[in-house]
Amino acid sequence: MDLVIRNARVRGEKQPVDIVIEGERIKSLGAKVSGTAKSEIDAGGSLVLPGFFNLHFHTDKCLLGEIMRPNVSGTLPEAIEITNDFKRNYDPKEVAARTLRVLETGVKNGTSFFRLFSDVGTIGGLKPAQGLLLAREQFSKYADIQVVAFPQEGIVRDPGAAELMEEAIKQGCDVVGGLPWYEYSDADAREHIDICFEIAKRHDLDIHMLVDDTDDANSRSLEYLAIATMREGYQGRVAASHCGAMAGYNDVYAAKVIDMVATAGITISVNAHINLVCSARLDRQPQRRGIARVKEMLARGVNVVSSQDDVNDPYYPFGKPDPLECASMMAHVAQLTLPPEMEQVMDMITTNSARAARVKDYGIAPGCTANLVVVGAPNVHEALRLQPPRRHVIRKGREIARSKVTEELLSI
Ligand SMILES: [Zn+2]
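Residues numbered from 1 in each chain as written. Predicted model: local features only at pLDDT ≥ 70, side-chain atom pairs only at ≥ 80, totals over all residues. Heavy atoms only, no water.

Undergrad: Honestly, the coordination of the zinc ion in this entry has me stumped. Any pointers?
TA: Perfect tetrahedral coordination of a metal by four donors corresponds to 109.5 degrees between them, and perfect octahedral coordination by six donors corresponds to 90 or 180 degrees. At the metal site, the zinc ion is ligated by H56 (NE2), H58 (NE2) and D309 (OD), and these contacts range over 2.0 to 2.5 Å. Coordination of the zinc ion draws on donor residues from a single chain, spaced H-x1-H-x250-D in sequence. On the criterion of sequence distance, the pair formed by H56 in strand β6 (residues 52–57) and D309 in the loop between β13 (304–306) and α10 (323–333) is long-range, its members being 253 residues apart. Of the two residues, H56 and D309, both sit in the buried class. (Donors = N, O, S within 2.8 Å, 3.2 Å for Na, K, Ca; no water. Helix = DSSP H or I, 4+ residues; strand = E, 2+ residues; numbered from the N terminus. Buried < 20%, exposed > 50% of the residue type's maximum accessible area, 1.4 Å probe, protein only.)

Undergrad: Is there a simple way to think about the sheet that holds strand β1 (residues 3–8) in this case?
TA: Strand-to-strand pairing in sheets goes through backbone hydrogen bonds, with the strands running parallel or antiparallel. Taken together, the four strands give an open sheet; going across it, the order is β3-β2-β1-β4, and neighbouring strands pair in mixed fashion. A strand with exactly one partner marks an edge of an open sheet, and here the two such strands are β3 (25–30) and β4 (39–42). When strand polarity is set aside, the average angle formed by the axes of neighbouring strands in this sheet is 20°. Where β1 lies against strand β2 (residues 17–22), four bridges are found, and the strand directions are antiparallel. Bridged to L3 within β2 is I21. (Pairing = 2+ DSSP bridges. Axes fitted to C-alpha atoms, helices over the stretch in contact; angles between N-to-C directions.)

Undergrad: Just to check I follow, could you spell out unusual backbone geometry for this structure?
TA: Backbone phi values are negative for most residues with the exception of glycine, while trans is the configuration of most peptide bonds. Cis peptide bonds are those with omega within 30 degrees of zero, and the linkage from Q285 to P286 qualifies with -5°. Inspection of the secondary structure puts P286 in the loop between α8 (272–278) and α9 (294–300). The peptide bond linking K320 to P321 adopts the cis configuration, its omega dihedral lying at -5°. Note on placement: P321 falls in the loop between β13 and α10. Backbone geometry places D309, a non-glycine residue, at a positive phi of 75°.

Undergrad: Please explain the nonpolar core as it appears in this structure.
TA: Generally speaking, soluble globular proteins have nonpolar side chains that are buried together. Counting 93 residues, the largest nonpolar core has L222, L225, I268 and V294 as the members making the most contacts within it. Once residues lying within four places of it in the same chain are set aside, the contact partners of I268 are L222, A240, C243, V261, M297, V302, N303, V304 and V305. Counting 17 residues, the second largest nonpolar core, distinct from the first, contains A8, A43, C368 and L372. (Core = buried A, V, L, I, M, F, W, Y, C linked by side-chain atoms within 4.5 Å. Contact = heavy atoms within 4.5 Å.)

Undergrad: Would you mind showing me how to read the sheet that holds strand β12 (residues 267–270) here?
TA: On the basis of which strands lie adjacent, the open sheet formed by eight strands has the order β6-β7-β8-β9-β10-β11-β12-β13 and parallel pairing. Every interior strand has two partners, whereas the edge strands, β6 and β13, have only one. Averaged over neighbouring strand pairs, the angle between their axes works out to 25° when direction is ignored.

Next up, the structure:
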């Protein structure tokens, strides 16, 4: 035995178990395993989960809030505008340095997989992508990282962006991004999606787009994304983030689109934090939440995930980053507050995300890769409520981070 984690609470197991790890994989789970391993961790009855995912994370912009002026209107257009001013002068090394700071925090909070979005367009060129690729190279010991070639200024309305996406992929980006709703017309949005599929198919890459991230209930890019996914045989390889326009769809149209999304096997990433802050700024009252219809999607069997999106940038001024924080926010916004619903929320940052990223051997079972988090709470409910420090983070069978917190009420 290389490592044993003793007295661990694992979802689906009634009693605490010992988790035995050999090399990079879980060998077995059992009650009170005898013998001594090379390394031992006492979970002390804490919940142990497989490593968390953050499938939507703009680290090229992260922490710009420390150096840029605030977003006065709080809207997406102003966020885009003030970031562009800065992006023209990006230096890949500076982008990588900011990225590494938030990746480190993410790993300490138990994240084992990041999907980073790099702006690719005629304003910043390839500098954001080069920064994220550099960070990936430097941080690969600590986490699995994908880099998305993401056309933040659109494709049709930003001539040259498609060619830059191709170049970003040649340099190492491994997911095709998209932002169809940002184009000027529905026809352009459809063309945008078609171009993304052409690029993805040419390089055999998965797709993750930001779709219908607007309060305009007439935004129609999710519907066309589902059509294209089915037409191109890309079921299970496409994710769509935000989709807040769905909140404004009429109920009949929403049911139709959710059904298409389920049939197309599209994962929906709901990034509750940023949409609560950025969406519905033009609403008087009642003010919408700008969140996709999570409960209706879950009921239809859509694969829903929860992701961080931003950390202290012009789009969103907070964020730790911590997948448990995202999950807790999701539970609030989507009103997933019953015990089985809390389990669904936990799936969003674990198993559902693993399915979306097509990660194999994921979970806590014999044969799975030993990427594990000792949470510091006894169950899912308490993990979501407290978001306690992660006591131990294990990657491929090896401890890579730990937290020790001393709290004391002093006698007075
Ligand atoms: Zn985003």
